[in-house]
Amino acid sequence: MSKIANKQMICEVLMNAAKTDKDIVALCSDSRGSGSFTPFAETYPEQFVETGIAEQNLVSISAGLAKCGKKAYAVSPACFLSTRSYEQAKVDVAYSNTNVKLIGISGGVSYGALGMSHHSAQDIAAMAAIPNMRVYIPSDHLQTRELVKALLKDEKPAYVRVGRNAVDPVYEEEQVPFEMDKATVVCQGSDVAIIACGEMVKPAKDAAELLKEQGISAAVIDMYCIKPLDNEAVVKAAENAKAVLTVEEHAPFGGLGSMVSQVVGSRCPKKVVNLSLPDEPVITGTSKEVFDYYGLNAEGIAEKAAELVK
C-alpha cells in the first residue's frame, strides 16, 4: 500500500471540499511547503492566507475569519503552534469557541536533528488542558482522511497533530474503521492492552505480532482521540487485560499515559505503564533513530509489554 504523509492527506481532503465550499480557508505561517499546502494556495488563492513567520497572528486571524463565518484551518509546525501561539489558541480560539482547526505539522520529533527547539513533546498536555479544545493525533493517512472529513462537519475548535514524513499505514484502503471521538480496536487480546496514538500505533500493532510468537495475547487500541478521550474503550481494554501499556511520542507528563492512568485508576484499577519520550532533551537523529533509541519501536514495545505480564 502507498505511503502518504498525513499532512498531504489533510490538504487533499480540504482541496476537494473547497471546490464547492468557498468558506474553507487555509492559513500558513510561511509553512505552505513544509505543510504540503502549496497545491491549495495555488488552486484556491482567494481562500488562502499567508501570515509569514507570525504564529500568534496566524491563530488570531484564523479566529477572526471564523467569527465571520469562515472555516479556518491554521497550518503551522506543531512546536510553534502549541507554544508561541498558546495564548491565542486559548483565548481567541477555545475561549471564544471559534471554528478554527489548528493543524500542527511535523509533530513530535519529526524535525529530528533540529533538536528540542523544533520538537513538540508537550503539545498533548498543553492543548488538552484548554477547555473547549479537542486534541487528535491520527495514526496514518487513511485515518487522517476520515478525521478531516468529520471535522469539516462541525464548528468546534480542534488541534490536530501530524508527523512530517509518510509512515506505514495501519489500515487498509477499503477498511478504515472510524467513528468520531471513539478509539479503534486494531486487534483483540487478553494479556496486555497496548493503548497508542499517532505514529506509535503501527509499531504497537507490530509488537502484538511479536508478542503472539511468545504466547502473549495483546490488544492494541488506536486512541487517535486524545481529547475527548474514549473512556469506555480504556475501561473495556483494561478490564480484559492483566495490565495496560500506553505508548506515545510525547513527554511522560500530561499526555496519553497520564490520561489513561486517571481513567483506569478511578474506574478499574490495574497496573498502567507509560512508554514515552524521556523528561529530557532527546538525542539528535531521525524519527526512527530516536524511536529505536528509546524503545518506541515494535521490539521495545513488545519487550515492555512482556515484562508487564510476567
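Up top you'll find the structure we're talking about.
Note that this is a predicted model, so its numbers are computed, not measured. (Residues numbered from 1 in each chain as written. Predicted model: local features only at pLDDT ≥ 70, side-chain atom pairs only at ≥ 80, totals over all residues. Heavy atoms only, no water.)

**Q** Residues and numbers for the side chain of T184, please.
**A** As for its placement among the helices and strands, T184 is situated in strand β7 (residues 184-187). A distance of 3.5 Å separates the side chain of T184 from the backbone oxygen of P177, its partner in a polar contact. The residues touching T184, leaving out its near neighbours within four places in the chain, are Q143, Y171, P177, V220, I221 and D222. (Helix = DSSP H or I, 4+ residues; strand = E, 2+ residues; numbered from the N terminus. Polar contact = N/O pair within 3.5 Å; in protein donor to acceptor, adjacent residues only side chain to side chain. Contact = heavy atoms within 4.5 Å.)

**Q** Can you tell me about helix α1 (residues 6-18), naming the residues and giving the values?
**A** Since there are 3.6 residues in each turn of an α-helix, residues three or four apart along the chain are aligned in direction. Compared with an ideal rise of 1.5 Å per residue, which puts 13 residues at 18 Å, α1 spans 18 Å between its outermost C-alpha atoms and is within 8% of the ideal. When you tally the buried positions in α1, you get 10 out of 13 residues, the bulk of the element. The complete set of buried residues in α1 reads N6, K7, M9, I10, C11, V13, L14, M15, A17 and A18. Among the structural elements, β1 (24-28), α2 (38-43), β3 (71-77), β4 (100-105) and α7 (141-151) are those in contact with the buried residues of α1. (Expected span 1.5 Å × (residues − 1). Buried < 20%, exposed > 50% of the residue type's maximum accessible area, 1.4 Å probe, protein only.)

**Q** Give me the lowdown on the pairing of strand β8 (residues 192-196), citing residues and values where you can.
**A** Taking burial as the measure, the 5 residues of β8 include 5 buried ones, the bulk of the element. Both faces of β8 are covered, namely the face carrying V192, I194 and A196 and the face carrying A193 and I195. Note that β8 and strand β9 (residues 218-222) share 5 bridges and pair parallel. By the bridge assignment for β9, I195 is matched with I221. In this view, the connection linking β8 to its parallel neighbour β9 by way of helix α8 (residues 201-213) has right-handed handedness. Where β8 and strand β11 (residues 243-247) come together, 5 bridges link them in parallel fashion. Bridge assignment links I195 to a residue of β11, and that residue is T246. (Pairing = 2+ DSSP bridges. Right-handed = clockwise from strand over helix to strand, strands pointing away.)

**Q** For the packing of helix α3 (residues 55-67) against helix α5 (residues 86-95), give the residues involved together with the corresponding values.
**A** Packing of α3 against α5 brings their axes to within 9 Å, and their N-to-C directions diverge by 5°. One finds that α3 runs roughly parallel with respect to α5. Facing α3, whose interface residues are Q56, V59, S60 and A63, α5 presents Q88, A89, D92 and V93. Here the residues of the contact of α3 with α5 sort into 4 nonpolar, 3 polar and 1 charged. (Axes fitted to C-alpha atoms, helices over the stretch in contact; angles between N-to-C directions. Parallel < 35°, antiparallel > 145°, perpendicular 65-115°, else oblique. Nonpolar A, V, L, I, M, F, W, Y, C, P; charged D, E, K, R; others polar.)

**Q** An account of the pattern of salt bridges is needed here, citing residue identities and associated values.
**A** The full count for this structure, using the stated rule, is 17 salt bridges. Note that D23 and K70 form a salt bridge whose closest N and O atoms lie 3.3 Å from each other. Of the two residues, D23 is situated in the loop between α1 and β1 and K70 in the loop between α3 and β3; the sequence distance between them amounts to 47 residues. The shortest N-O distance in the salt bridge between K212 and E209 comes to 3.8 Å. Of this pair, K212 and E209 are both found in helix α8, 3 residues apart, which corresponds to roughly one turn of the helix. Here K212 falls in the exposed class, since its relative accessible area comes to 57%. Residue classification places E209 among the partly exposed residues on the basis of a relative accessible area of 45%. Overlapping salt bridges, with partners in common, bring together K101, R134 and D154 in one network. (Salt bridge = Lys/Arg side-chain N within 4 Å of Asp/Glu carboxyl O.)

**Q** Can you break down the nonpolar core residue by residue, with the values?
**A** Core analysis: the biggest nonpolar cluster contains 74 residues, and F37, F40, L102, M133 and M223 have the highest contact counts within it. A total of 8 residues in this core trace back to one element, the largest contributor, which is α1. Those residues in contact with M133 that sit more than four places away from it in its chain are A89, V93, A94, L102, M127, P157, A158, Y159 and K227. Counting residues in hydrophobic clusters, the runner-up holds 35 residues, among them V186, A196, A218 and V290. (Core = buried A, V, L, I, M, F, W, Y, C linked by side-chain atoms within 4.5 Å.)

**Q** Go over the sheet that holds strand β6 (residues 158-161), please, and point to the residues and values.
**A** Across the sheet, 7 strands lie side by side as β2-β1-β3-β4-β6-β5-β10; this open sheet has mixed pairing. Taken across any chain shown, the strands that pair with only one partner, and hence form the sheet edges, are β2 (48-50) and β10 (225-227). Pairwise comparison of adjacent strand axes, ignoring direction, gives a mean angle of 20° for this sheet. Along the sheet, α1 contacts β1, β3 and β4; its crossing angle with β1, the most-contacted strand, is approximately 145°.

**Q** Go over the sheet that holds β9 with me, naming the residues and quoting the values.
**A** With respect to topology, 5 strands assemble into an open sheet ordered β7-β9-β8-β11-β12, the strand pairing being mixed. Looking along the sheet, the strands with just one partner apiece sit at the ends: β7 and β12 (271-275). For this sheet, the mean inter-axis angle between neighbouring strands, taken without regard to orientation, is 25°. Here α8 sits on the sheet and contacts β7, β8 and β9; the angle it forms with β9, its principal contact strand, is near 170°.

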